[in-house]
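What follows is each chain in one-letter form.
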Amino acid sequence: MRCDALALSLLEFLAYKAGCPYLSDLPRVSGWQRVRMARELEQIPAEAASLHDWNDALDYLTGAPPEDTAQAAKERLVHLLSQPCGAGKDRVT
């Protein structure tokens, strides 16, 4: 299913799937919720959201810099969400 079919942004869709009542709760989800989000993202075609939405999610959830294509941003986001992390964001330099 495409995110735009639900009239939700990618971040709103992920917050819904993670059970977060507020978008601001999304960056603080636990490890298993991050993996669940990664699995949900794997099912979404890169073209289902704009490059801006993918990069926005990438930055908001992981702190990673933007990518040049939606596919690259999706792949990086899935990869980083699948990795174990401490509390907080995965700051990538």
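Before reading further, recall that the structure is shown in the block above.
Here the residue numbers are simple positions, counted from 1 along each chain's written sequence. Given that this is a predicted model, residues contribute local features only at a pLDDT of at least 70 and side-chain atom pairs are listed and counted only at 80 or more, while totals for whole chains, interfaces and linings are drawn from all residues. Side-chain numbers here rest on the full set of heavy atoms in the structure, without hydrogens or water.

**Student:** So what exactly am I meant to see when it comes to the overall build of the chain here?
**Tutor:** Strands are runs of DSSP state E lasting at least two residues, helices are runs of H or I lasting at least four, and both sets are numbered from the N terminus onward. When helices and strands are counted, the chain shows four helices and zero strands. In the chain, the order of α-helices and β-strands from amino to carboxyl end is α-α-α-α. Note on contacts: a residue pair qualifies if any of its non-hydrogen atoms lie within 4.5 Å across the two residues. Contacts in the chain between residues far apart in sequence, at least 24 positions, make up 53% of those at least 6 positions apart.

**Student:** When you look at the environment of Leu80 in this model, what are you seeing that I'm missing?
**Tutor:** Secondary-structure assignment places Leu80 in helix H4 (residues 70-82). Taking the C-alpha atoms as reference points, Leu80 and Val35, separated by 45 residues in sequence, lie 9.4 Å from one another.

**Student:** Is there a simple way to explain helix H1 (residues 10-18) in this structure?
**Tutor:** Each α-helix winds once per 3.6 residues, and so residues spaced three or four apart point in a common direction. Only protein chains enter the accessibility calculation, which uses a 1.4 Å probe; a residue is then buried when its area is under 20% of its type maximum, exposed when over 50%, and partly exposed in between. Taken together, the buried positions of H1 are Leu10, Leu11, Phe13, Leu14, Ala15 and Ala18. Of the surrounding elements, those touching the buried residues of H1 are helix H2 (31-42) and helix H3 (51-62).

**Student:** What is the right way to look at the packing of H1 against H2 in this model?
**Tutor:** What describes two packed helices is the angle between their axes and the distance between those same axes. Throughout, an axis means a line fitted to C-alpha atoms (over the contacting stretch in the case of helices), and angles, computed between N-to-C directions, take values from 0 to 180 degrees. Their axes nearest at 10 Å, the elements H1 and H2 cross at an angle of 125°. Classified by the angle their axes make, H1 and H2 are oblique. Relative to H2, the crossing made by H1 is right-handed. When H1 is examined against H2, the residues Leu10, Phe13, Leu14, Lys17 and Ala18 are found in contact with a partner set consisting of Gln33, Arg36, Met37, Glu40 and Leu41. Its residues assigned to classes, the contact of H1 with H2 shows six nonpolar, one polar and three charged. For this classification, under 35 degrees means roughly parallel, over 145 means roughly antiparallel, 65 to 115 means roughly perpendicular, and everything else is oblique. Handedness of each helix crossing follows the sense of rotation of the near helix against the far helix: counterclockwise by less than a right angle gives left-handed, clockwise gives right-handed. Any residue that is not Ala, Val, Leu, Ile, Met, Phe, Trp, Tyr, Cys, Pro, Asp, Glu, Lys or Arg is counted as polar, Gly included; the first ten are nonpolar and the last four charged.

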